[in-house]
Amino acid sequence: MKDLAQVEPILNVRDLRTHFEIKRGKLHAVDGVSFSVNPGRVLCIVGESGSGKSVTVMSLLRLIRRPGKVTGGTAVFHGDDLLTMSRQQLADIRGDRISMIFQNPLTSLNPALTIGDQVSEGLILHRGMGRREAQAEAVKLLRQVGIPSPKERVTDYPASFSGGMRQRIMIAAALSCKPELLIADEPTTALDVSMQAQILDLLKELQAEINNVLVMITHDLGVVASIADEVMVMYSGKVVEQAPVREIFAAPRHPYTQGLIATVRALDDASRPLHPIPGTPAIPLGQRMGCAFAPRCGFATDQCRLETPHLELVGSAHTVACHVKPDPDRTHV
Amino acid sequence: MIVHAILGRTARVAFVLFGVSVIVFGLLQFAPGDVATALLGPQASDSAKELLREQLGLNKPIVTQYFLWLGNTLQGDFGVSIISRNTVLGEVVPRFLNSVLLASAALVIAIILGVTVGIASAARAGGFFDRTSSASVQVFGAMPPFWLGLVLVYFFALQFRWFPATGMTKTFGGGDAWDIANHLVLPAVTAAAASAAVIVRMVRAVFLEVLGSDYILVARARGVRSWRLLMHHALPNCMPHVLNIIGLQLGYLIGGTLFTEVVFAWPGIGQLLYKAILGRDVAVVQACVLFIALSFVLINLAVDLINDFLARKMRQS
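Just so we're clear, the structure is a prediction, and the values are computed from it rather than from any experiment.

The rules we used
- Residues numbered from 1 in each chain as written.
- Chains lettered and ligands numbered in written order.
- Predicted model: local features only at pLDDT ≥ 70, side-chain atom pairs only at ≥ 80, totals over all residues.
- Heavy atoms only, no water.
- Core = buried A, V, L, I, M, F, W, Y, C linked by side-chain atoms within 4.5 Å.
- Buried < 20%, exposed > 50% of the residue type's maximum accessible area, 1.4 Å probe, protein only.
- Helix = DSSP H or I, 4+ residues; strand = E, 2+ residues; numbered from the N terminus.
- Contact = heavy atoms within 4.5 Å.
- Pairing = 2+ DSSP bridges.
- Buried area = accessible area lost by both parts, 1.4 Å probe.
- Salt bridge = Lys/Arg side-chain N within 4 Å of Asp/Glu carboxyl O.

### So, the nonpolar core
- L11, L82, M100, I171 and V224 of chain A are the most contacted members of the largest nonpolar core, which totals 102 residues.
- A per-element tally of this core places helix α7 (residues 163-175) of chain A first, with seven residues.
- Sequence-distant contacts of L82 of chain A, that is, excluding residues within four places in its chain, are made with L11, L60, R62, A75, F77, L90, I93 and I98 of chain A.
- Counting 27 residues, the second largest nonpolar core, distinct from the first, contains I119, I216, L230 and C238 of chain B.

Set out below in structure tokens:
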């Protein structure tokens with residue numbers, strides 16, 4: 001019997017750094033992020049807007065545009081570093097072994113190409129299929145993600161589909177080559193609530209079917225609870241806590257994670273008072289000293305303001321970057 | 001639906017053409033001097049002039065005159081040239097066809113040059129090629145055709161002797177396709193330069209905008225690269241804008257062609273118009289202006305209809 005820790009991870013990210021050169025200085029959007037994902041698992045990356053979640057996953061596929069730049073780290077996928085391999089090698093992996101679903105289905109589909117063109121493109125590029133064969137496969141994929149009468153609609157343009165339908169089409173396109181790693185960047189944020197649940201169910205179902213790895217970005221802890229195996233919490237470009245999903249909810253050790261969970265509990269249970277996290281998210285700009293969360297943290301000490309905390313093990317698979325590591329029972333930020 | 005759109009556009013075009021006809025008719029009214037005197041010469045007797053006025057209907061009220069003129073024009077009767085004594089239509093049509101040849105050649109050059117350089121610049125924005133092309137665009141875009149024409153003639157006709165300097169055919173024994181093509185090169189390049197420069201700039205801007213959109217990022221994430229990304233994913237979304245730009249440029253191109261014809265002695269409508277103005281040949285001026293305006297309006301109608309068609313194709317299920 002193999003121990004979980006000995007399983008070879010599909011993707012191993014070490015000390016990833018992405019900077020944006022802007023007028024006011026250097027923005028450390030991703031500042032030394034490390035994580036790995038194991039076969040058949042679902043990792044959720046959680047955090048506020050601007051915490052660096054999206055930039056992290058975009059950096060992995062080198063989809064960052066100027067003025068952004070990946071400046072350091074490694075992202076080893078099956079023994080090859082995604083960050084240093086040739087463009088051709090990377091293009092062969094994109095859409096084939098690693099696929100991505102984006103946040104806004106309304107702008108993610110090309111309005112000038114039929115949905116069949118877009119769903120079948122990966123098969124043509126990576127599987128060497130002919131146009132007709134790929135179109136037939138696209139019909140199957142569209143049926144699989146729940147597009148009604150796919151045979152008739154495969155030659156339609158995106159404009160004739162609703163937001164939820166378009167996200168289904170995006171999922172069909174992303175899964176066309178049965179990728180080992182699927183990255184979903186807030187796939188339900190732009191959709192209405194009933195649609196969100198359907199899309200999540202679809203993702204879960206397909207993930208179980210292909211048995212691939214799903215990395216999902218979200219700021220919705222409800223989504224995390226329903227889908228995640230592991231959770232990684234980001235704040236201001238850094239990972240502040242990482243743990244299996246049960247532990248994150250049962251015993252969060254970082255004040256920021258505790259704050260996030262407290263706000264959600266308050267929303268679920270009207271009798272509890274709402275505890276918003278005071279202050280606004282820190283902007284990771286210029287030289288940084290101490291813990292980025294310290295200005296908003298009720299437990300902050302002088303050490304927090306001077307020394308940057310590093311990730312430490314607090315359980316078998318639970319790491320946290322905090323000098324104080326307050327007990328979860330005292331949850332009050 | 002499509003028939004409806006065509007009718008709508010055409011109705012607007014008819015309205016524009018009505019305005020054009022009023023202005024062209026007005027040319028005759030505002031032209032300095034008396035038409036009868038211009039036609040018969042200063043020595044003509046008053047009674048002869050009066051008789052001519054009566055024949056031409058110049059004594060009738062102006063609105064009646066307009067409709068008489070319009071009626072004749074619609075039947076293809078533009079009157080007689082006072083310089084050549086030919087019918088105006090017989091003067092204008094062959095010249096107009098020569099101009100169409102020159103303008104088409106210039107258009108082809110401007111589109112090929114403008115679109116390819118524009119796309120190449122956008123593909124590597126900020127790179128060496130982009131910076132070089134931007135600088136050239138500034139230089140060529142700022143050159144008026146009559147000056148650029150002289151420069152080209154100096155180098156390519158007088159110094160290198162690659163192409164003839166003026167005219168459309170050799171004086172003796174010319175007139176075959178190869179001869180005309182040879183004469184066409186310098187004027188076509190001259191007329192195309194300014195438009196090509198503008199097309200480069202606009203196509204570059206349109207492409208940059210489209211390349212910044214989400215679906216291009218999605219395509220890249222799917223493993224789509226370089227050529228396919230530009231041609232298959234970006235170009236169809238740029239097409240309506242590019243067509244629009246080209247449509248707008250046609251107006252400048254026609255204007256540039258008129259200047260170019262004078263510089264290169266190309267026997268087109270621009271040269272005819274220039275001579276007619278100098279000779280106060282009002283009927284010919286009217287016909288030239290009408291032909292130019294008509295082609296401008298019809299070209300724009302065609303561009304609009306193509307754009308409607310493309311947009312409809314994208315939107316419809």
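### Observations concerning unusual backbone geometry
All names here are of chain A.
- Cis geometry is found at the peptide bond from R66 to P67, where omega equals 5°.
- Along the chain, P67 turns up in the loop between α1 (53-60) and β4 (68-77).
- Phi is positive for S149, close to 35°, though the residue is something other than glycine.
- For S149, the position within the fold is in the loop between α5 (131-144) and α6 (150-153).

### Overview of the pairing of β4 of chain A
Residue and element names in this part refer to chain A.
- Examined bridge by bridge, strand β1 (residues 11-22) and β4 share eight bridges and lie antiparallel to one another. Bridged to V13 within β4 is A75.
- The pairing of β4 with strand β5 (residues 80-81) spans two bridges and is classified as antiparallel. Bridging from a neighbouring strand, V76 pairs with D81 of β5.
- Hairpin remark: β4 followed by β5, antiparallel, with two residues in the connecting loop; positive phi at H78, about 50°.

### Some points on the interface of chain A and chain B
- With 32 residues of chain A at the contact, the number on the chain B side is 24 residues.
- Across the interface of chain A and chain B, roughly 2,500 Å² is buried in total on both sides, 54% from carbon and sulfur atoms.
- Its largest share of buried area at the contact with chain B, chain A owes to R65, E121 and Y157 of chain A, together 23% of the area lost on that side.
- Here chain A and chain B share two salt bridges between them.

### Some words on the pattern of salt bridges
Residue and element names in this part refer to chain A.
- By the definition in use, this model includes 18 salt bridges over all chains.
- The shortest N-O distance in the salt bridge between R305 and D302 comes to 3.7 Å. Of this pair, R305 and D302 both sit in helix α12 (residues 302-306), separated by three residues, roughly a single helical turn.
- Among the residues examined, R305 registers a relative accessible area of 44% and is labelled partly exposed.
- In this structure, E312 and K325 form a salt bridge, with 3.2 Å as the shortest nitrogen-oxygen distance. Taken together, the residues E312 in strand β11 (residues 312-313) and K325 in the segment after β12 (319-320) connect sequence positions 13 residues apart.
- Bridged by salt links that share partners, the residues D15, R17, D31 and K238 form one connected network.

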